[in-house]
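Each chain is listed here by its residues.
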Amino acid sequence: ILCNEIPTGSPDEIAFVAAEDTNEALARVASNFYGNPSEKLTLVGVTGTNGKTTVATLLYQLFMKLGYHSGLISTICIKMNEEELPSTHTTPDSITLNKLMKQMVDNGVTHCFMEVSSHSLVQKRTFGLDFEVAIFTNITRDHLDYHETLENYLKAKKILFDNLKSSAIAISNNDDRRGMVIMQNTKAEKVTYGIKSMADFKGRMLSDTLQGLEMEIDHKEVWFRLIGEFNGYNLLSVYATAVKLGEDSDEVLRVLSLMEGVNGRFNKVNSEAGITGIIDYAHTPDALENVLSTIGKVRTGNEKVITVVGCGGNRDKGKRPLMASIACNLSDKVIFTADNPRFEDPTEIIEDMVRSLNPNEMRKVLKILDREEAIKTACMLADKGDIILLAGKGHEKYQEVMGERMPFDDREVLNRMLLIK
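Remember, it's a predicted structure, so these values are computed and weren't measured experimentally.

Visitor: Talk me through the overall build of the protein chain; I want residue IDs and the actual numbers.
Guide: Scanning the protein chain for helices and strands turns up 15 helices and 21 strands. For the protein chain, the C-alpha radius of gyration of 22 Å lies close to 22 Å, the compact-globule estimate for 421 residues. Principal axes of the C-alpha set define a box for the protein chain whose edges measure 70 × 60 × 40 Å. Looking at the protein chain as a whole, 55% of its 421 residues are labelled buried. Considering only residue pairs separated by 6 or more positions, the protein chain has 65% of its internal contacts joining residues 24 or more positions apart. When the accessible surface of the protein chain is summed, it comes to about 18300 Å², and 49% of that surface belongs to carbon and sulfur atoms. Placing the 49 positive and 60 negative side-chain charges of the protein chain at their respective mean positions leaves the two points 3 Å apart.

Pasting the structure below:
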């Protein structure tokens, strides 16, 4: 048993080991027990508020298509070559992480791409892992129920870069004003990417529609199937990583241009009634603003935008009014509903969202507690050409209520309701 101090009168048949930091000690023990598997992989960690899942998944798909045996550890799933395993956390505990990586090594995996959450960094779940590359996407308000301040949240993300070895590569979004702060103490090689500012890997948005986006990257014009400027950043970070790992730039762009979106991230559903549904995991103010701003840019002008959104229970309450205001300002109609209420009363969550809205914003609002009923109402309100955004749950196939996970899938419900329409 690893513990801070050995208890008095402990039984002789149990070995107690005292450690000043048991999380750090556990991570070391787990790594050693499984033969330090991260040292046998090209391990790439992705951290930031938004984009982690998309960047990690695109990297996994890219390197699989480039012919490498690859692994993925993400919010949505864990993949080992073509084998898929369920995921319970964005970043698993240190024992599970090292066990997974040992399995990957045993199965011939050479490259592993993983999301690295702020919780996991503070709790030292990733301590001692041998990262070849660390990627910073962006930072905006999230998880303040845990970190309490944005400064603490930033410090948590920075841990990944502070612990990189000198032979590693640190890749950061230069358009995020905290991008250089993240890298200020790293020993690794510093590499930047950006669309608006000068950077080592520079991109330029050329066009953006509901069919895809066109970008200029390294003076080459490429059309991608993904949508939105936020995905422009995701693609740019993936491109920079692949090139820094020695891949041919033209081949990387060719393969990326053929890729579809990631499950639960700006997924499109088209109906026979001419209504477009979009399902997105956006559960932070910045992510919701990115998605709705993208919809605003790609719409032709006459369509209504109907947003169905809620906020998670037992999480940062400060972002609730921010998300409500963003939804009202960038939508024609807003339906506030339950997300994952967890152990909170969903009615109170919705009241927290609407409390600061002004009368003009409230005119756009409907409050429908039942999420299925909210989606049905959005479909009933929509006419041909209109766009419905279901925000907050994305890939999730459940609703978390009072400690139970009830089956619920936004995509399935939306498809069913659009058929009725």
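Visitor: Before we move on, could you go through the environment of N234 and cite the residues and values that matter?
Guide: Within the secondary structure layout, N234 lies in helix α8 (residues 229-244). By relative accessible area, N234 is classed as buried at 6%. Linking N234 and M353, residues 119 residues apart in sequence, is a C-alpha distance of 29 Å. Here N234 is in contact with G51, T54 and V55, once residues within four sequence places are set aside.

What counts, and at which threshold
Residues numbered from 1 in each chain as written. Predicted model: local features only at pLDDT ≥ 70, side-chain atom pairs only at ≥ 80, totals over all residues. Heavy atoms only, no water. Helix = DSSP H or I, 4+ residues; strand = E, 2+ residues; numbered from the N terminus. Rg over C-alpha atoms; globule rule 2.2 N^0.38 Å. Buried < 20%, exposed > 50% of the residue type's maximum accessible area, 1.4 Å probe, protein only. Contact = heavy atoms within 4.5 Å. Areas by Shrake-Rupley, 256 points an atom, 1.4 Å probe, with all protein chains shown as cover. Lys, Arg positive; Asp, Glu negative; His and termini not counted. Charge placed at Lys NZ, Arg CZ, Asp CG, Glu CD.

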